[in-house]
Amino acid sequence: MNSLGWIAGAIIWGTGVIVRFAVALCPADFRAEYGDDLVRTHRELMDSARRQGGVALMRTALRDASGALWVATRLRLGRDVSSVSTSTFYRRTPMFDTLWQDSRFAFRGIARNPGFAATVITVLALGIGGVSAIFSVVNAYLFRPLPFADEHSLVTIYETNPEFGWDDASAAPANALDWRDQVDAFDDLAIYSEFANEATLIIDGEPTLLAGGGVTGNFFEVAGVRAALGRALRWDETWAPNATSIVLSDRTWRTTFGADPSILGRGLDFSGRIMTVVGVMPPTFNFPSNETDYWAPMGWEPTARQEVWFRRAHFVRTLARLAPGATQQEASAQLAVVVRRLQAEYPGTNKVMGAGLMPVRDFLIRDVRKPLLILGAAVSLLLILACTNVATLTLVRASERAREVAVRTAVGANRMRIARQMMTEALLLACLGGTAGLGLGWFAVKAIERLNPLGIPGVTSIALDGRVLFATLAVATLSGILFGLGPALNGANTAPARSLKEGGRADTRSRGGMQSTQWLVGGEVALALLLVAGAGLVLRSFGHIRDVDPGFHVENTLAFDVTAPTSRYSEREDVLAFWDQLTEQLEARPGIERVGTVGRLPLDGTSWSSQFKAEGWPEDRVGIEILHRRSDRGYFEALGIPLVRGRLFESADRDGPLVVVINEQFAAEHFPGEEPLGQRIAYDREPDDESSWYEIVGVVGDQHQISPAQSVRAEVFENRDQDWSRQTNVVVRTAGDPSAAIPIIRSVVAELDPLIPIAEPRPLRRVWRSSIAQEELILMLLGGFGLIALLIAAVGVYGVTARAARRRTHEIGIRMALGAQRRDILTMMLTQGFGVVVLGLVVGLGLALASTRALSSLLFGVTPNDPLTLGSVVVLLAAVAMVASYLPAFRSTRVDPLKSLRSD
Amino acid sequence: MRPLFHVPPGLSMSKSRRSSQGLTGLTYQILLALAEIKQHGYGILKEMEERGGPSAVPSTGALYLALQRMESQGLIAGAPAPESPAADARRRYYRITEQGRDVASEESRRLAVLVSTARDRALLGEPLAPKHGKA
């Protein structure tokens, strides 16, 4: 056989396969009657065409294969053969015309039933709005680009210490520098300080506070950013204690210096110390914080690397770029080797100090990953619920439109067309809902932003960008298809004769459509229960958090930052005199009751931690991870922190031996059953001659350091007069509204020193609020979802009951005519649909019991399976479902039997 | 206006395309093919091809769909294989019914009226084109 013969054989065989496949798809009755004959005729036709030549063969093959598939499709879609055209010259309406016609029809359908459309659009808008809001949050964390070049080769190295419970701690600079030198997989490694330092800039005699970030000179190079103006910093400036170069952020360059291009080379007066602007960063770069006004080189002494504190103090973060071709695994492995080497080399500081690395984005979002996942899951559930609900409503409506569909089928509309038209309507509603949802999402994002600035600090922010728009569009289309599919299939399968018969007279026998909507409602109730249970748990948990006593008075208290500049307050005596005057003059003002100073406010995080040893302790006994804070006597008195034992600081301590006050947690944790007062402690694992010894003179009440939801840690308060600092928080207790004291404070500080600005005067209530802001945000979002879920479930139950009531008007009329009481009818209507609701409640409860465990990390003082919460949620949902079905059921009892019977 | 074509009972007229033009081309062709003899599907297709050329032949699927419809409308019926040596007993044969014959005659007369009008208006100066049925 020549090659043409092979090709012809292959064509005949292939076409035969297609035709047999199409015949197999045909309904059984057609197949049995005509199937074999059809295949045989096709084979003979192909043989005959083959004899006529290649063109005839190809034509017959194409015609028979496509014809068989077409017939199978037509027969599958509608078995009513008499309505199928068999014309060989079958014409199709151009697609665009059909689409246009469908859209017009859909619009008309929506306009005819605005109540239905409004409900569907609202429900979808709530679901899609939630999705777009949450996705814009997720987007900010996971997808928006970081301000680094090639972020995938950037990693952060953190330190770990199982003894101290450190998972991702700040690094000690000496360790970080050793990683830089010894890990070959790092192309380079930069160091930056995690927290900005505030410095007072004097412009034309006016003080302004600027936040500066300390960095190593290679920081910008490692990040892969160039200065927009001038140059970045240099590595050698890292090691120059007198380095005066600074790089401004774009924001500060614009707001403080009016985008002056001649800023380069200008000396800025930082309270006497002149710093020179060498560059300005592009507007996209604000790392590590939005508040960063400028970056300055670390300015370490070149000898610092040999000093113990450089390896003991953990206060820097790192950013490393992997060498070309190096993988994260290789870098990890090499880092582990270096870590072991350092452990052996510096047992005093590094004995149990480990290190790990992770991609820079993972590091930046490490605290929000879990809440984001939970919110994402919740909003997905909400969207599914919204789609289910809309599908329910559409099915209910479709069954009411059965007559319309039947009429259209009877006058010749084919099923495909009807299905497509229902789909168009669903998609149109979804698009309208999506648009409304996007609007809602926009408002939600604005609200979230006002409540709590989200996004990776200084790196990305929330925005409804192209990605969010695209996701919303995709979700809208998908939900349109999801909720349109069921009704489309349902509508296309309506038997016209039966619908026409039923349509005229409401009939109780048509239960098929009824059942599917009831199942959907059951599903809705289950989903809603899950969401409401989550919201309930978070609500209870938030209630517990709010009830936690933070350990100090949040009412009638406020705080502000003050820095005494080195240039005018060079000595300890100068600084202390300034604090004393400030305290004295503030307390002399009316409305101000007590003033104190503290290095870091409670509920505002921790400053530094250390180990300690008490005098006389055996060699193997050591206190791990105690927090430190510097304060004066006024701090405790102004914030109402109780003195439990011993005494507070006294003025005589200023020049006396070193004394400290500890919190109750410290006493309980480190001196159980012992008298802490009079103990002398040093902040070293192995104190030596150079160690300072502090005597514990008092025990005060616990104050939560990070948030009310996090337990109090052992803390020691150093005396401000002994361990002095130029920067402090001043706390003020006022007689009335603390905000009213702010102008007084400003004027007092200005009188004392007009060149000292005060920063962030804020009531402590606000400090407390922001410490629980994340919990509050999660509560608001999950609570909102729960509320929407409840509403949607109610709409679903209402819709289905109302439909059942309408369908049974005739039956109710008969029953009432035969003497049924209104109460009987009401009971009948209520119990009919309630079985499914109960089933939904049971399934939802099961789901909740199985899945609320995922919330446990967000919960405080309440277990994931809290019976009280879950019980209340079940009761709440049952009540809502009861009310939602009561209304239409009640209405059905108002039926006038005569009217309802006559309406046939 | 009096309809040109009388609709026999059971014959669907739901397609607007058909109501003004009588039977579909395929239906008429099948009726023509069965007017004198019993035939199987392949025979019907072959005759249509002889009369109208390869482009006048429908796909096998369309033919059987039409056969099923015409059977259900009573225009044709299944028939035993004819007693001739060429006949294939495994095949399904079809014959025209009385009703089918009436419908085919009615349609032929309708077409004849149309064709004679066309001839009067000098639309048929040349010998008839091989296509039948549809204008």
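Keep in mind the model is a prediction, meaning the values are calculated, not measured.

K.L.:
How should the environment of Trp724(A) be read in this particular structure?
P.N.:
The residue Trp724(A) is located in the loop between strand S21 (715-719) and strand S22 (727-734) in this model. With near-sequence residues (within four places) excluded, Trp724(A) lies in contact with Ser570(A), Glu571(A), Arg572(A), Val575(A), Leu576(A) and Arg630(A).

K.L.:
Please clarify how the environment of Leu527(A) should be interpreted in this entry.
P.N.:
All names here are of chain A. Looking at the secondary structure, you find Leu527 in helix H19 (residues 512-547). Separated by 145 residues in sequence, Leu527 and Leu382 place their C-alpha atoms 7.9 Å apart. Excluding its chain neighbours within four sequence positions, the residues that come into contact with Leu527 are Leu381, Ile384, Leu385 and Thr388.

K.L.:
Just checking my understanding: could you explain the pairing of strand S5 (residues 206-215) of chain A for this structure?
P.N.:
For a regular strand, side chains alternate in direction, first toward one face of the sheet and then toward the other. Residue and element names in this part refer to chain A. With 7 of 10 residues buried, S5 is to be regarded as a mostly interior element. Sheet topology note: the strand S4 (residues 197-203)/S5 ladder contains 7 bridges and is antiparallel. Looking at S5, one finds that Glu198 is bridged to Ala211. Between the antiparallel neighbours S4 and S5 lie 2 residues, among them Asp204 with a positive phi of about 50°. Bridge count for S5 against strand S10 (residues 294-297) is 4 bridges, and the pairing is parallel. Paired with Gly212 across the strands is Tyr294, a residue of S10.

K.L.:
Got a minute to help me understand the pattern of salt bridges in this structure?
P.N.:
Residue and element names in this part refer to chain A. Counted by the stated rule, this structure contains 47 salt bridges over all chains. Residue Asp181 is joined to Arg305 by a salt bridge in which the shortest nitrogen-to-oxygen separation is 3.0 Å. Of this pair, Asp181 sits in helix H6 (residues 173-182) while Arg305 sits in the loop between S10 and helix H10 (309-312); the two residues are 124 residues apart in sequence, bridging distant segments of the chain. The partly exposed category is assigned to Asp181, whose relative accessible area is 45%. You can call Arg305 partly exposed: its relative accessible area is 26%. In this structure, Asp580 and Arg654 form a salt bridge, with 2.9 Å as the shortest nitrogen-oxygen distance. With Asp580 in helix H20 (residues 572-587) and Arg654 in the loop between strand S17 (643-646) and strand S18 (659-663), this pair connects stretches of sequence that are 74 residues apart. Residue classification places Asp580 among the partly exposed residues on the basis of a relative accessible area of 28%. Within the structure, one salt-bridge network assembled from shared partners comprises Asp580, Asp632, Arg654, Arg720 and Asp721.

K.L.:
I keep staring at the packing of aromatic side chains and nothing clicks. Help me out?
P.N.:
Here the distance between the centres and the angle between the planes together describe a pair of aromatic rings. All names here are of chain A. In total, this model carries 34 aromatic pairs over all chains according to the counting rule given. Arranged with centres 6.4 Å apart and planes meeting at 70°, the rings of Phe148 and Phe285 form a pair that is edge-to-face. A residue pair is termed long-range when its members are at least 10 positions apart, and Phe148 in the loop between helix H5 (114-142) and strand S1 (154-161) and Phe285 in the loop between strand S9 (273-280) and S10 qualify at 137 residues. Each member of the pair, Phe148 as well as Phe285, is classed as buried.

What counts, and at which threshold
- Residues numbered from 1 in each chain as written.
- Chains lettered and ligands numbered in written order.
- Predicted model: local features only at pLDDT ≥ 70, side-chain atom pairs only at ≥ 80, totals over all residues.
- Heavy atoms only, no water.
- Helix = DSSP H or I, 4+ residues; strand = E, 2+ residues; numbered from the N terminus.
- Contact = heavy atoms within 4.5 Å.
- Buried < 20%, exposed > 50% of the residue type's maximum accessible area, 1.4 Å probe, protein only.
- Pairing = 2+ DSSP bridges.
- Salt bridge = Lys/Arg side-chain N within 4 Å of Asp/Glu carboxyl O.
- Phe/Tyr/Trp six-rings, centres within 6.5 Å; stacked < 30°, edge-to-face > 60°.

Read these as spatial facts, not as claims about activity.
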